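# Structural features, examined
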Amino acid sequence: MTTAIRFDHHNATRICFGAGRLSALGGLLPEHARILLLYGGGSIKRNGIYEQLCQTLAGHDWNEFGGVTPNPAVEVLNDALTQIRATRRDFILAVGGGSVIDGAKYLAAAAHYDGDSWDLVSSKAPVAAALPMGVVLTLAATGSEANGTAVISRLSSQDKLTFRSPLLQPRFAVLDPDTLGTLPDRQLANGVVDAFVHASEQYLTYPVGALVQDGCAEAVLRALRQLAQRFDERHALDWRQNMMWAANQALSGSIGLGVPQDWATHRIGRVLTALYGIDHGRTLSIVQPALLREAVAEKAAKLRQMGERVFDAPGSVPEQVIERMVQLYRQLDMPVTLADAGVADADAANQVMDLLRRDGAIRLGENGILDEGRVARIVRAFC
Ligand code: NZQ
Ligand code: ZN
């Protein structure tokens, strides 16, 4: 039976890609804007990016807010919001990884909202307007630089939630692979796995005959598999530029157009970050194998296709394909159980389930195939 595929697609982010392209930033910034430069814990001050930004921003009206934490929290971001309002900023330049970019999206929406800005994150209020923003990416992983999604935490309530709006789509993103040069191996590996799981969650469901979407997903997954296998080449331009584009393409929209999607690995992973502070990419390598084993029957056809087209292993049974993914994660020194990530909590499975339940009925996976009982089995398997 043919599945009808329908979608709207408008990716409005202008991408300036390539080594040395940080020099293009000057031509991208709106001339008369009052700019907030937003960044994280200071990596840009240690690797020379900050100096380049200062030169580019000379002549503009700008001020800065540094200190956005990984897994950005409203508790910190609200100080930046106060600054935006007090100094009447009308453009945000986010320089960093997914956390800084997502933080900028929160601020862009919050600057136009009069109530408690958490309403926007919890989707109690829609994003009705947002400040324009641009990005200089320094960590290839999330794809946040060219999508309208943000993931924001509230530490006081152990919340980590996703919200999205086309209004949060960055106007431009500078993807200069030179900026990846100072990333620790751990963050590079996190990035490979995050991007791999983004492509997987839009691909590993069931076949609907979407030849182009499948082909794009397989190209991205194959590239990431090769980059994982060639991890010792990570300081070469060839590795970095492929990594930067693969991560961008994994979540800039095209792979998932009109096809069934899963996102259960991300949903459960967010809880592991909220409870135990585990890096985003590492939560995914912990959750995904257990989830695929639980849903192996529903995902069998796509797992076989992945074995043939991504792992060059035609004829693999679905369980073997899952094992290949586990090998790939282990090769990158990523955890595949909570214990691997250094968490020793005998009550972990209950804690995770309680937090998942708190946000409503548990129905995860494509078409809600995972009910609460199945989710609990997945959680017990990695705890
Ligand atoms: O804060 P600084 O000092 O800059 O250090 C950061 C941070 O400690 C460091 N770093 C970044 N660029 C560097 C660098 N260190 C040296 N050299 C550089 N060039 O790396 C650390 C981690 O940064 P972070 O931004 O937290 O990492 P990532 O890009 O993995 O972002 C993770 C966040 O994005 C969310 C995650 O949930 C998490 O909160 N996600 C956002 C998505 C989206 N908006 O579409 C989708 C993803 O699935 C994900 O959920
Ligand atoms: Zn992710």
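Here, the structure is the one placed above.
Below you will find a few notes about this structure. None of these values were measured; they are calculated from a predicted model.

## Concerning the overall build of the protein
The secondary structure content of the protein amounts to 15 helices and 8 strands. Computed over C-alpha atoms, the radius of gyration of the protein comes to 20 Å, within 12% of the 21 Å expected from 2.2 N^0.38 for 383 residues, which places it in the range of a compact globule. Judged by the C-alpha coordinates and their principal axes, the protein covers about 60 × 45 × 45 Å. Residues counted as buried form 57% of the 383 residues belonging to the protein. In the protein, of all internal contacts separated by at least 6 residues, the share reaching a separation of at least 24 is 77%. With 37 positive and 41 negative side-chain charges, the protein shows a spacing of 2 Å between the two charge centroids.

## Comments concerning the environment of glutamine 226
By the element assignment, glutamine 226 lies in helix α8 (residues 211-229). For the pair formed by glutamine 226 and leucine 38, sequence separation is 188 residues and the distance between their alpha carbons is 33 Å.

## Section: the side chain of glutamine 305
Assignment of secondary structure puts glutamine 305 in helix α12 (residues 300-309). For glutamine 305, the residues in contact, after removing those within four places along its chain, are Tyr203, Asp214, Glu218 and Val310.

## Focus: the packing of α8 against α12
Put simply, α8 and α12 touch, their axes get as near as 10 Å, and they point 55° apart. Taken together, the axis directions place α8 and α12 in an arrangement best described as oblique. Regarding α8 and α12, the two cross each other, and that crossing is right-handed. Residue-level contacts link Asp214, Glu218, Leu221 and Arg222 of α8 to Lys302, Gln305, Met306 and Arg309 of α12. Tallied by class, the residues present in the contact of α8 with α12 amount to 2 nonpolar, 1 polar and 5 charged.

## A word on the coordination of the zinc ion (ligand 2)
Coordination of the zinc ion (ligand 2) by the protein comes from Asp194 (OD), His198 (NE2), His266 (NE2) and His280 (NE2), over a distance range of 2.0 to 2.1 Å. Each donor residue of the zinc ion (ligand 2) belongs to the same chain, and together they define the spacing D-x3-H-x67-H-x13-H. Of this pair, histidine 266 sits in helix α10 (residues 264-276) while histidine 280 sits in helix α11 (residues 280-294), placing them 14 residues apart in sequence. The two residues histidine 266 and histidine 280 agree in class, both being buried.

## Considerations on the pattern of salt bridges
Side-chain pairs of opposite charge can arise whenever the charged atoms involved come near each other. Here the structure, examined in full by the defined rule, presents 24 salt bridges. Between aspartate 90 and arginine 34 there is a salt bridge whose closest N-O contact spans 3.8 Å. Of this pair, aspartate 90 sits in the loop between α4 (74-86) and β4 (91-96) while arginine 34 sits in strand β2 (residues 34-39), placing them 56 residues apart in sequence. One network of salt bridges, in which partners are shared, links Glu294, Glu298, Arg374 and Arg377.

## Focus on the site of ligand 1
What surrounds ligand 1 is a group of 31 residues, the closest being Gly41, Gly98, Ser99, Lys160 and His198. Interatomic distance of 2.7 Å between a backbone N/O atom of glycine 98 and an oxygen atom of ligand 1. Isolated, ligand 1 exposes 960 Å² of accessible area, and the fraction of that covered by the protein chains is 89%. Of all elements in the fold, only α5 (98-110), β6 (149-154) and α7 (185-201) reach the threshold of two or more residues within the shell around ligand 1. Taken together, the residues that form the shell around ligand 1 break down as 8 nonpolar, 20 polar and 3 charged.

## Details of helix α3 (residues 49-57)
All of the buried residues in α3 are Ile49, Tyr50, Leu53 and Leu57. Projection of α3 onto a plane perpendicular to its axis shows the buried side chains occupying an angular sector of 95°, all on one side. Considering only its buried residues, α3 is in contact with α1 (25-28), β2, α2 (43-46), β3 (61-65) and β4. Directly beyond the C-terminal end of α3, a positive phi value near 95° is found at glycine 59.

## Looking at the sheet that holds strand β8 (residues 172-175)
Backbone hydrogen bonds are what pair the strands of a sheet, in a parallel or an antiparallel way. Taken in spatial order, the 6 strands make up an open sheet running β1-β8-β5-β4-β2-β3, and their pairing is parallel. Since the sheet does not close on itself, it has two edges, and those belong to β1 (14-17) and β3, each with one partner. The average angle at which neighbouring strand axes cross in this sheet is 15°, direction not considered. Where β2 lies against β4, 5 bridges are found, and the strand directions are parallel. Looking at β4, one finds that leucine 38 is bridged to alanine 94.

## Some details on the pairing of β8
Burial of the side chains of β8 extends over both faces: Phe172 and Val174 are buried on one face and Ala173 and Leu175 on the other. Here 4 bridges tie β1 to β8, and the two strands are oriented parallel to one another. The residue bridging cysteine 16 from the neighbouring strand is valine 174, located in β8. Strand direction decides the pairing type here: strand β5 (residues 133-137) and β8, joined by 3 bridges, are parallel. Within the sheet, the bridge partner assigned to valine 135 lies in β8 and is alanine 173.

Calculation rules
- Residues numbered from 1 in each chain as written.
- Chains lettered and ligands numbered in written order.
- Predicted model: local features only at pLDDT ≥ 70, side-chain atom pairs only at ≥ 80, totals over all residues.
- Heavy atoms only, no water.
- Helix = DSSP H or I, 4+ residues; strand = E, 2+ residues; numbered from the N terminus.
- Rg over C-alpha atoms; globule rule 2.2 N^0.38 Å.
- Buried < 20%, exposed > 50% of the residue type's maximum accessible area, 1.4 Å probe, protein only.
- Contact = heavy atoms within 4.5 Å.
- Lys, Arg positive; Asp, Glu negative; His and termini not counted.
- Charge placed at Lys NZ, Arg CZ, Asp CG, Glu CD.
- Axes fitted to C-alpha atoms, helices over the stretch in contact; angles between N-to-C directions.
- Parallel < 35°, antiparallel > 145°, perpendicular 65-115°, else oblique.
- Left-handed = near helix turned anticlockwise from the far one by under 90°.
- Nonpolar A, V, L, I, M, F, W, Y, C, P; charged D, E, K, R; others polar.
- Donors = N, O, S within 2.8 Å, 3.2 Å for Na, K, Ca; no water.
- Salt bridge = Lys/Arg side-chain N within 4 Å of Asp/Glu carboxyl O.
- Near = heavy atom within 4 Å.
- Polar contact = N/O pair within 3.5 Å; in protein donor to acceptor, adjacent residues only side chain to side chain.
- Areas by Shrake-Rupley, 256 points an atom, 1.4 Å probe, with all protein chains shown as cover.
- Arc of directions from axis to C-beta.
- Pairing = 2+ DSSP bridges.

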